[in-house]
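# Report on the structure
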Amino acid sequence: VQLQASGGGLVQPGGSLRLSCAASGNIFSINTMGWYRQAPGKQRELVADIGYGGSTNYADSVKGRFTISRDNAKNTVYLQMDSLKPEDTAVYYCNADVLNDYYDSMVYWGKGTQVTVSS
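Reference entry: report on the structure contained in this document.

Thresholds applied
- Residues numbered from 1 in each chain as written.
- Predicted model: local features only at pLDDT ≥ 70, side-chain atom pairs only at ≥ 80, totals over all residues.
- Heavy atoms only, no water.
- Core = buried A, V, L, I, M, F, W, Y, C linked by side-chain atoms within 4.5 Å.
- Buried < 20%, exposed > 50% of the residue type's maximum accessible area, 1.4 Å probe, protein only.
- Helix = DSSP H or I, 4+ residues; strand = E, 2+ residues; numbered from the N terminus.
- Contact = heavy atoms within 4.5 Å.
- Disulfide = S-S within 2.5 Å.

With 31 residues, the main nonpolar core has W35, V47, F66, I68, L79, M81 and Y92 as its most contacted residues. Of all the secondary structure elements, the ones that give two or more residues to this core are β1 (2-6), β3 (17-24), β4 (29-38), β5 (45-50), β7 (66-71), β8 (76-81), β9 (90-99) and β11 (113-117). The element contributing the most residues to this core is β9, with five residues. In this view, M81 contacts G15, S16, L17, L19, R65, F66, Y92 and V115; residues no more than four positions away in its chain are not counted.

Printed below as a string of structure tokens:
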């Protein structure tokens, strides 16, 4: 299973970016999909996650500004980031709790995409 993230970049404070992460490979279904981030010198932290049925969970720091969504038919998770702040600058990683055709469950991670918020 591979996760391919895209959509990062440089944006000014107050701007928006949309991240995408597509999963491919031996996938029967995907339970939770999520986005994490890691800033320089800090630990990786949860940004948001979403269950198969659409239930969501957000870090307090991004509530009201970020929106996570998914397309189960495409095995893809999205993160719409609005009103971006310099403190949102980090490498963003997606992950997915995948059930394969053998009914084995494992969490996979994407390679990360850089988001930089700066004027």
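Mapped onto the elements, R65 comes out in the loop between β6 (56-58) and β7. With near-sequence residues (within four places) excluded, R65 lies in contact with Q80, M81, D82, S83, L84, K85 and D88.

Here the focus is the state of the cysteines. All told, the structure shown has one disulfide when counted by the stated rule. One disulfide in the model links C21 with C94; its S-S distance is 2.0 Å. Handedness of the C21-C94 disulfide follows from its S-S torsion of about 55 degrees: it is right-handed. On the criterion of sequence distance, the pair formed by C21 in strand β3 and C94 in strand β9 is long-range, its members being 73 residues apart. Residue C21 shares its accessibility class with C94, and that shared class is buried.

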